[in-house]
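Report on the structure
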Amino acid sequence: MEVKKDILWRVYLGFLGLGVFGFLILGKAFYTQRFEGSYWKSMGDSLHTKILDLAAERGTIYSEDGSMLSTSLPQFDIYIDFGADGLRAKDGKNFYENIDSLSISLAGLFNDKTAAEYKKELKQAYADKERYYQLHKKVSFEEYKALRSFPLVRLGRNKSGFIAEVKTKRLNPFGELGFRTIGLYRENSKLVGLERSFDSVLRGTTGKRLVRYVAGGVLMPVEGFEVEPENGDDVYTTIDVNIQDITERALMRTMTTNEALEGTCIVMEVATGKIKAIANLGRTPEGTYFETDNYALRTSEPGSTIKLVTLLAALEDKHVTINDNIAIHGGRWNLNGRTIVDDHHGPEVTTIKTAFTQSSNVAMSKLAYQYYTGKPKEYYKHFTALHLTGKTGIELNEEFSPLIRNPNKVKPKQWHPQTLASWGFGYELMVSPLQMLMVYNAVANNGKMMKPYLLNEIKSYGTVIRKNKPIVLNEAIASEATIKQLQECLAAVCTEGTARKQFETAPYKAAGKTGTAKVNDGKFKYRDGVYQSAFAGYFPVDAPKYSIIVVVKNKPHAANYYGGSVAAPVFREIADHLYKYSIDKQQPLQLPVQDSMLYTFAGMKKEVNTIASQFGFTYADQLAGNWRRSYLKNKTVQSQTVQTSNAVMPDVKGMGLKDALYVLETAGMKVQVTGKGRIVNTSVAAGSPVAKGQEIMLYLN
Amino acid sequence: MSQIANISSKFSPAGLRDKTRGDKVIWAIVVVLSLVSLLVVYSATNSLAYKLYKGNTFVYLFKQIAFITLGIIIVYFAHRVNYTIYSRVAKMLFYISIVLLIYTLFFGAKINDGSRWIKLPIINLTVQTSDIAKLALFMYLSRLLSKKQDVIKDFKKGFLPLMMPIVIICGLIAPANLSTALLTGATSMLLLFIGRVSFKHIALVGAAVAVPVIILIAIAGAYYDKAEGKTKELPAVLSAGRIPTWIKRVQDFMYAEKSEAPYQVLQAKIAVAKGGMFGLGPGNSEQRNFLPHPYSDYIYAIIIEEYGLIGASFIVFIYMVFLFRSIRLFRKCPYAFGAFLALALSFTLVIQAMTNMAVNVGLFPVTGVTLPLVSMGGSSFLFTCLAIGIILSVARNVEDAEGSLEPAKEELA
């Protein structure tokens, strides 16, 4: 029993030891809970839950007429996980059974590779067991729908390994039309234009969702922890797609003919200040043109277009009238050692009006120098009245401030006596085309200066949450008498001045001012022979509707660089289109005269002949042209030629649709149709001028 | 007549009850732990069932029920065997286990560079051979201890014959599973101590084992880049087999900051922290989704998470009761072998349980040890049942011995 006792105390010692150890275990657990508990619990929560962002749908940018200028569409990037269990199960049974039909389907859908190529690549990727094989990027929703029904893919994510990642693509339905102004939205790149200015509005609010990892790598939303995303608001702009298109094309034509470096053109509605179009083109090294920058907002020395302001100052301060004479010394004037030269030789003395229309630098610098030397502040107050001392405040962040030396902030001694003379014809100060246009628009608007703006309204889920109204910056920039004289001078530029040739044939009257300035910016010096051609004006003269500015920076030593010959044609082309556009709008639809239709027939010469002989009417056709409008008179068929040309609208009334389409589309028009039967009316009246590509609406009875 | 009565009593429920003998408390513990196992395994396999059986969580429940049934059958038959037979079997089983260990070392299924498993044909069950070897070793040690009591203090006659089997078995387990080898060795030492082996000799073994362990710790310290917080590049000698794993584990335990602890340690701590005093309630574990092997190696963490410190204490208590009842058997057992057998097997089980719990609460470095009778199925569960069966067999004999002095009341009734 001694042995057993000896053993027994050892056993109890072991038992005790294990008992103590048990307490240690529980103690450790207690310690973990009591003193580190919150740390571990919060770690547990952070490891197992995660906050996911729910992307908000970006708002759409609309034109004034409701066309989408920039909108968002879902897009899919398709990947395949060749390591998916379901795909590899049973030695890739699913994969090998479907590979052939899948390859054929893919080749048919994407059309970029043959079925054999697809098959080869998929097999290779399967062999390499790629976990994230990129099948196709930027798949549209329609394609994605088709893809989902394909063999293998339709087995679902687990069995096919197909992964679709949704991305939102920003789409500009009109391509790069005005995109510096509208803005392109691309991930990871800086925004420009309205996309930038209204980013906070368009972006919406990203939603948040708390998710928890559960078994099998599935994410499960945690109830009550979800913030729904708020979709971005829609921005309705003042831009008119048609005018924008016209503007862009007109500018492009001039840019390419002259191989110019940069160009911009803005169209503004006179009465409201709405920007209807804003085009910017910059030459790329390859010689193509692209909206490289918003030149409309960049400042430069304006040159002769500023002469409107010079004249305004002199007239308003009653130093002169436009019929006063002024000595221009044949176009060369020596001012304290500096020679101011006109582009053309002129007479010794001329009227101020003529000097303006001929764009005499001497006359304009003289006006400024003569009447304001010693009192630049008096001159400067006109810049203030014209809001040329600050930004216009247009809804674009890229706008530059004008640079005009403020005599109120400079000591008289530091004021250079030549500055006023330079100001007179547009140097030593920098103004952007938009700011200049605002001034011309005010003159067109009888002295009432409107603030230029791009934003009509903002809608949130269809309801208007912000509406912009035209803003008057200055009820009268000058007296009525001054404005009248300015308007007269501007009109004279287009009838007898530097832009005379461009408007000789115009069916409307325009007013404006040419400008040809030597460029001295960071890149070019005055001696480099780079000229900036400009034309700013408005039309029609009697009741101005639109004001337009065109500014083009030419290539060095360009053969053609005058504002009248480079910029004015752009104005003319745009004005021509807008004129037609406005005429068409004014003419209400004429109701067709029903009964006369019964006896008239319009169609091809041959067909009229056939009909006449078939029905036994006497008919002899000796007229020119292929198209006839015929009617019965005293049982004889009388015919007229239907004039077809590319410049005027043919009279297609009475024709069948087939004939009318032929006539109009060979003339280059785009035709839309409503109704059935024969043509009873057209959106453009017969005989009015039409352009290639213009849209014509045909009404059939 | 008596023969017929015998036969009928064998198959009637009452007969089965008569045949079921041994310590009733130990039986009760087996039942309670099995029930706990059912509850926790069902909860812990939830995520595994999701992954493999599309959410049919009953699959593992039924599997565990099958295992428990099989386990109880094993306990029953093992306890019906007269334990003296185990004495004879012990030596044979010991030799067989050596062969099995060697086979496993070279041909076994590899998991994480450790070759620990062999697959039994026909029944398609993977068996961790160290489980068999452990059982065989402790049975064999009990036999030796009981036989050598007279010469136990002698180095050559007592100590060496006892030490040899331990060295062989532990040496064969170590390459694939160092922690099990250490655990087995330590338990053996405890048994030698209880078996009155000279304390000097045991200290000698302690010193001999300490040398490689200290070397391992030294290497782990030397090849740890504190600035980077990771293991430096190891020379070729140290990159063989599982040596890098050992080094890494020691380093993790020695250096890791709270947040840098190995993933499973981190998740286990979170489970413990979430449990609190009363736990989240049955089936409410969240950590089961993140803990590796929440149904076996980390089942205790899940128990704490679902049943709190109360539940955790209950499990510790149950194992201590189990050990206490085995000590009672030892006191009552008239034969040395039986006494040692009950002690050896119960201490092993409880030490293994404590180790599992210590790992779970972060008291020990990470080792893959199951919680006996609670962890889900597998060969270790069945071997645990076999061990308990053997203990109950001793208990039955103790009862029989007592019964011979005062006849069992049931027989009279």
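Residues numbered from 1 in each chain as written. Chains lettered and ligands numbered in written order. Predicted model: local features only at pLDDT ≥ 70, side-chain atom pairs only at ≥ 80, totals over all residues. Heavy atoms only, no water.

Looking at the overall build of chain B
A tally of helices and strands in chain B yields 16 helices and 5 strands. In chain B, 71% of the contacts between residues at least 6 apart in sequence involve partners at least 24 apart. (Helix = DSSP H or I, 4+ residues; strand = E, 2+ residues; numbered from the N terminus. Contact = heavy atoms within 4.5 Å.)

Focus: the interface of chain A and chain B
Between chain A and chain B, the contact holds 37 residues from the first and 49 residues from the second. Both faces considered, chain A and chain B share a buried interface measuring about 3800 Å² in area, 78% of it formed by carbon and sulfur atoms. Our enumeration of links across chain A and chain B arrives at 5 residue pairs in polar contact (both at pLDDT 80 or more). For the side of chain A that touches chain B, the leading source of residues is helix H1 (residues 2-48) of chain A, giving 34 residues. When its residues are assigned to classes, the side of chain A that touches chain B shows 21 nonpolar, 9 polar and 7 charged. (Buried area = accessible area lost by both parts, 1.4 Å probe. Polar contact = N/O pair within 3.5 Å; in protein donor to acceptor, adjacent residues only side chain to side chain. Nonpolar A, V, L, I, M, F, W, Y, C, P; charged D, E, K, R; others polar.)

Focus on the UniProt feature "transmembrane region" (unreviewed entry) in chain A
Look at the UniProt record and you will see "transmembrane region" (unreviewed entry) annotated at residues 12-31 of chain A. Between the end C-alpha atoms of residues 12-31 of chain A the distance is 28 Å, and the span holds 100% helix and 0% strand. (UniProt positions renumbered as here; feature names shortened; annotations may be inferred.)

Regarding helix H5 (residues 58-80) of chain B
Along its 23 residues, H5(B) runs 33 Å from first to last C-alpha, staying within 8% of the 33 Å computed at 1.5 Å per residue. Along H5(B), the positions that sit buried rather than exposed are B:Tyr60, B:Leu61, B:Gln64, B:Phe67, B:Ile68, B:Gly71, B:Val75, B:Tyr76, B:Ala78 and B:His79. (Expected span 1.5 Å × (residues − 1). Buried < 20%, exposed > 50% of the residue type's maximum accessible area, 1.4 Å probe, protein only.)

Concerning the side chain of B:Thr367
All names here are of chain B. With respect to the helices and strands, Thr367 occurs in the loop between helix H14 (336-361) and helix H15 (378-405). Taking relative accessible area as the criterion, Thr367 reaches 16% and is therefore assigned buried. Among all residues touching Thr367, those that are not within four sequence positions of it are Ser179, Arg249, Thr355 and Val359.

Some points on the sheet that holds strand S27 (residues 679-682) of chain A
Residues and elements named next belong to chain A. What the 3 strands build is an open sheet, ordered S26-S28-S27; its pairing is mixed. Each edge of the open sheet carries a strand with a single partner, namely strand S26 (670-674) and S27. Averaged over all adjacent pairs, the angle separating strand axes in this sheet is 30°, with direction ignored. Pairing geometry for S26 and strand S28 (residues 695-700), over 5 bridges, is parallel. Its bridge partner lying in S28, Lys670 is registered against Glu695. Where helix H21 (residues 657-666) meets the sheet, its contacts fall on S26, S27 and S28, and the angle it forms with S28 comes to roughly 165°. (Pairing = 2+ DSSP bridges. Axes fitted to C-alpha atoms, helices over the stretch in contact; angles between N-to-C directions.)

Some points on the UniProt feature "transmembrane region" (unreviewed entry) in chain B
Residues and elements named next belong to chain B. When the UniProt feature table is mapped onto this chain, "transmembrane region" (unreviewed entry) is found at residues 25-45, 57-77, 89-109, 162-195, 202-224, 298-323, 335-354 and 374-395. Secondary structure over residues 57-77 splits into 95% helix and 0% strand, and the C-alpha atoms at its two ends are 31 Å apart. For the annotated span residues 202-224, helix accounts for 91% and strand for 4% of the residues, and the straight-line distance between the end C-alpha atoms is 33 Å.

Concerning a nonpolar patch on the surface
Residues and elements named next belong to chain B. Taken together, Leu182, Val209, Val213, Ile217 and Met254 make up a surface patch of nonpolar side chains, about 370 Å² in accessible area. The element best represented in the nonpolar patch is helix H10 (residues 199-222), accounting for 3 residues. Relative to the elements of secondary structure, Leu182 occurs in helix H9 (residues 178-194). (Patch = residues over 30% accessible without salt bridge, like charges linked within 9 Å, V, L, I, M, F, W, Y side chains within 5 Å. Areas by Shrake-Rupley, 256 points an atom, 1.4 Å probe, with all protein chains shown as cover. Salt bridge = Lys/Arg side-chain N within 4 Å of Asp/Glu carboxyl O.)

Notes on the pattern of salt bridges
All names here are of chain A. The final tally for this structure, using the stated rule, is 27 salt bridges over all chains. Taking the shortest distance from any N to any O, the salt bridge between Lys553 and Glu262 comes out at 3.6 Å. Separated by 291 residues along the polypeptide, Lys553 in strand S22 (residues 546-553) and Glu262 in strand S9 (residues 262-269) bring together distant segments of the chain. With relative accessibility at 10%, the residue Lys553 sits in the buried group. By relative accessible area, which is 23% here, Glu262 ends up partly exposed. Connected through shared salt-bridge partners, Arg58, Glu195, Asp199 and Arg203 make up one network.

Digging into H10(B)
All names here are of chain B. The end-to-end C-alpha distance of H10, which contains 24 residues, comes to 34 Å, matching closely the 34 Å that a straight helix rising 1.5 Å per residue would cover. The largest bend in H10 is about 25°, located at Ala210, with the proline Pro212 one to four residues further on. Within the span of H10, buried status applies to His201, Ile202, Val205, Leu216, Ile219 and Ala220. Those residues of H10 that are buried lie in contact with helix H8 (155-173), H9, strand S4 (224-225) and helix H11 (243-255). (Bend = angle between axes of the 7 residues up to and from the residue.)

Topic: the sheet that holds strand S21 (residues 531-539) of chain A
All names here are of chain A. Taken in spatial order, the 6 strands line up as S11-S10-S9-S22-S21-S20 in an open sheet, and their pairing is antiparallel. Here the strands that pair on one side only, and so sit at the sheet edges, are strand S11 (289-290) and strand S20 (511-518). Note: strand S10 (residues 275-283) against S11, 2 bridges, orientation antiparallel. Bridging from a neighbouring strand, Arg283 pairs with Tyr289 of S11. In this fold helix H15 (residues 433-444) packs onto S9, S10, S20, S21 and S22, with an angle of close to 35° to the strand it touches most, S9.

Focus on unusual backbone geometry
All names here are of chain A. For the bond from Phe539 to Pro540, the omega torsion is -20°, close enough to zero to count as cis. Structurally, Pro540 can be placed in the loop between S21 and S22. Backbone geometry at Lys318 places phi at a positive 60°, although glycine is not the residue there. Within the secondary structure, Lys318 is located in the loop between helix H10 (307-316) and strand S12 (325-327).

As for the pairing of strand S17 (residues 455-460) of chain A
Regular strands place side chains that alternate from one sheet face to the opposite one. Residue and element names in this part refer to chain A. Counted residue by residue, S17 has 6 buried out of 6 residues, so it is predominantly covered. The sheet contact formed by strand S8 (residues 234-237) and S17 spans 4 bridges and is antiparallel. Opposite Thr237, over in S17, you have Leu455 as the bridge partner. Two strands pair when backbone bridges link them, and S17 and strand S18 (residues 463-467) are joined in this way by 4 bridges, in the antiparallel orientation. From the neighbouring strand, Glu457 faces S18, where its bridge partner is Lys467. From the end of S17 to the start of S18, which pair antiparallel, there are 2 residues, and Tyr461 there has a positive phi angle of about 45°.

Focus on the nonpolar core
Counting 121 residues, the largest nonpolar core has B:Tyr300, B:Met357 and B:Leu371 as its most contacted members. Beyond its immediate stretch of four places on either side in the chain, B:Leu371 contacts B:Ser296, B:Ile299, B:Tyr300, B:Ile303, B:Ile315, B:Tyr319, B:Ala353, B:Asn356 and B:Met357. Within the second largest apolar cluster, 120 residues are counted, among which are A:Ile328, A:Trp423, A:Val493 and A:Phe503. (Core = buried A, V, L, I, M, F, W, Y, C linked by side-chain atoms within 4.5 Å.)

Remarks on the environment of A:Asp293
Residue and element names in this part refer to chain A. With respect to the helices and strands, the residue Asp293 is situated in the loop between S11 and H10. With 100 residues separating them in the primary sequence, Asp293 and Gly193 have C-alpha atoms 9.8 Å apart. Excluding anything up to four places from it in sequence, Asp293 contacts Arg180, Asn280 and Arg298. Polar side-chain contacts of Asp293 include one of 2.8 Å to the side chain of Arg298.

Some remarks on the packing of helix H6 (residues 83-107) of chain B against H8(B)
Residue and element names in this part refer to chain B. Contact geometry for H6 and H8: axes closest at 9 Å, N-to-C directions at 25°. On the basis of their axis angle, the class for H6 and H8 is roughly parallel. In this structure, H6 meets H8 at a crossing whose hand is left-handed. Residues Phe94, Ser97, Ile98, Leu101, Ile102 and Leu105 of H6 touch H8, and the partners they reach there are Pro165, Ile168, Ile169, Leu172 and Ile173. Grouping the amino acids of the contact of H6 with H8 by side-chain chemistry returns 10 nonpolar, 1 polar and no charged. (Parallel < 35°, antiparallel > 145°, perpendicular 65-115°, else oblique. Left-handed = near helix turned anticlockwise from the far one by under 90°.)

Quick notes on the confidence of the model for chain A
With 93% of its residues at a pLDDT of 70 or more, chain A has an overall mean of 84. Of the regions scoring below 50 in pLDDT, residues 588-598 of chain A engages in 10 contacts with residues more than four places distant in sequence or in other chains. (pLDDT = per-residue confidence, 0-100.)

Side note on the side chain of A:Lys276
All names here are of chain A. Mapped onto the elements of the fold, Lys276 is located in strand S10. Its relative accessible area of 3% is what places Lys276 among the buried residues. There is a polar contact of 3.3 Å between the side chain of Lys276 and the backbone oxygen of Thr238. Filtering out sequence-adjacent residues up to four positions away, Lys276 remains in contact with Glu64, Thr238, Ile239, Asp240, Ile243, Gln244, Val267, Met268, Glu269 and Tyr546.

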